[in-house]
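# Commentary on secondary and tertiary structure
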Amino acid sequence: KPLYAAWKGEKDGWVKVDCILDSGALESVCPLSMCPAWPVEDSMGSKLGLHYTSACGGKIRNRGQQKLPIELPNGTRSFALFQVADVSRPLISVAAVCATGNVVIFGEGGGVIRNLATGAETPFHRVDGIYQFTMYIPPPDKVVGSAGPP
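Please read all numbers here as calculations on a predicted model, not as lab measurements.

What follows concerns the environment of Ile92. Residue placement: Ile92 occurs in strand 7 (residues 91–93). We classify Ile92 as buried; its relative accessible area is 7%. Considering only alpha carbons, one finds Ile92 and Phe82, 10 residues apart in sequence, at a separation of 8.3 Å. If we skip the residues at most four places from it in the chain, Ile92 touches Cys19, Ile20, Leu21, Asp22, Ser28, Phe82, Val97, Phe133 and Met135.

Right under this line is the structure:
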């Protein structure tokens, strides 16, 4: 099964995204197609013309960033910062998750992201050998007082 298979779904304007948790990624990245309704802003990397290096050694241009409101399956609301690049599906940087006061615990069938301040845990799953983290992104007009994903 290809890595890019069925990572995104939409209902009533909400985008459900299954991201790959990547322990080797410096930053979280997503394709422009993930949330085209949200603006892409210049980032330091895009202003400087920086590139990422793919697993096979190719260059991937940083096209800017998106700061997205997210809702997790457990109801927690937060924001996620993604660098926009020509990738096949979104990657969540474990280093970036840990830099915001969390620990990531991996197990055979999945794991949890634990917030060190609150103790709150957000589970993730291992699907076909890949650790996947699910989040929901509302349409821009449903951010304030949104009722949650459909």
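Turning our attention to the confidence of the model for the protein. Fine structural detail should not be taken from predicted coordinates in areas where pLDDT scores are low. On average, residues of the protein score 88 in pLDDT, and 91% of them are at 70 or above. Within the protein, strand 8 (residues 102–106) carries the highest mean pLDDT (97), whereas strand 1 (residues 8–11) carries the lowest (80).

With that out of the way, let us pick up the pairing of strand 11 (residues 130–137). When a strand is regular, its side chains alternate between the sheet's two faces. In terms of burial, strand 11 is largely enclosed, as 8 of its 8 residues are buried. Burial of the side chains of strand 11 extends over both faces: Ile130, Gln132, Thr134 and Tyr136 are buried on one face and Tyr131, Phe133, Met135 and Ile137 on the other. Bridge analysis of strand 2 (residues 14–22) against strand 11 gives 6 bridges, and the strand direction is antiparallel. Bridge assignment links Ile20 to a residue of strand 11, and that residue is Gln132.

Residues Met44, Leu48 and Leu50 make up a contiguous nonpolar surface patch of about 340 Å² in total accessible area. Relative to the helices and strands, Leu50 resides in the loop between helix 1 (44–47) and strand 4 (51–53). A residue is classified by how much of its surface remains accessible, and Leu50, at 44% relative accessible area, is partly exposed.

Turning to the packing of aromatic side chains, a few remarks are in order. Each aromatic ring pair is specified by the distance between its two centres and by the angle formed by the two planes. Scanning the model with the defined rule gives 3 aromatic pairs in all. Considering the side-chain rings of Phe106 and Phe124, the 5.4 Å spacing of their centres and the 65 degrees angle between planes classify their relative orientation as edge-to-face. Taken together, the residues Phe106 in strand 8 and Phe124 in strand 10 (residues 121–127) connect sequence positions 18 residues apart. Owing to a relative accessible area of 2%, Phe124 belongs among the buried residues under this scheme.

Turning to unusual backbone geometry, a few remarks are in order. Working note: non-glycine residues mostly have negative phi, and peptide bonds are mostly trans. The backbone phi angle of Asp128 is positive, close to 50 degrees, even though this residue is not glycine. Summarising the element assignment, Asp128 is placed in the loop between strand 10 and strand 11.

The next point concerns the nonpolar core. Counting 25 residues, the largest nonpolar core has Val17, Met34, Phe82, Ile92, Phe133, Met135 and Ile137 as the members making the most contacts within it. Those elements that place two or more of their residues in this core are strand 2, strand 5 (59–71), strand 6 (77–85), helix 2 (94–99) and strand 11. Core analysis: the second largest hydrophobic core is formed by 5 residues, Val29, Tyr52, Ala85 and Val87 among them.

Turning our eyes to something else, we now look at the pairing of strand 8. Taken together, the 5 bridges between strand 8 and strand 9 (residues 110–115) define a ladder with antiparallel strand orientation. Looking across to strand 9, one finds that Phe106 is bridged to Gly111. Counting the residues between successive antiparallel strands, the hairpin from strand 8 to strand 9 contains 3 residues.

Here is what the cut-offs are and how they apply
- Residues numbered from 1 in each chain as written.
- Predicted model: local features only at pLDDT ≥ 70, side-chain atom pairs only at ≥ 80, totals over all residues.
- Heavy atoms only, no water.
- Helix = DSSP H or I, 4+ residues; strand = E, 2+ residues; numbered from the N terminus.
- Buried < 20%, exposed > 50% of the residue type's maximum accessible area, 1.4 Å probe, protein only.
- Contact = heavy atoms within 4.5 Å.
- pLDDT = per-residue confidence, 0-100.
- Pairing = 2+ DSSP bridges.
- Patch = residues over 30% accessible without salt bridge, like charges linked within 9 Å, V, L, I, M, F, W, Y side chains within 5 Å.
- Areas by Shrake-Rupley, 256 points an atom, 1.4 Å probe, with all protein chains shown as cover.
- Salt bridge = Lys/Arg side-chain N within 4 Å of Asp/Glu carboxyl O.
- Phe/Tyr/Trp six-rings, centres within 6.5 Å; stacked < 30°, edge-to-face > 60°.
- Core = buried A, V, L, I, M, F, W, Y, C linked by side-chain atoms within 4.5 Å.

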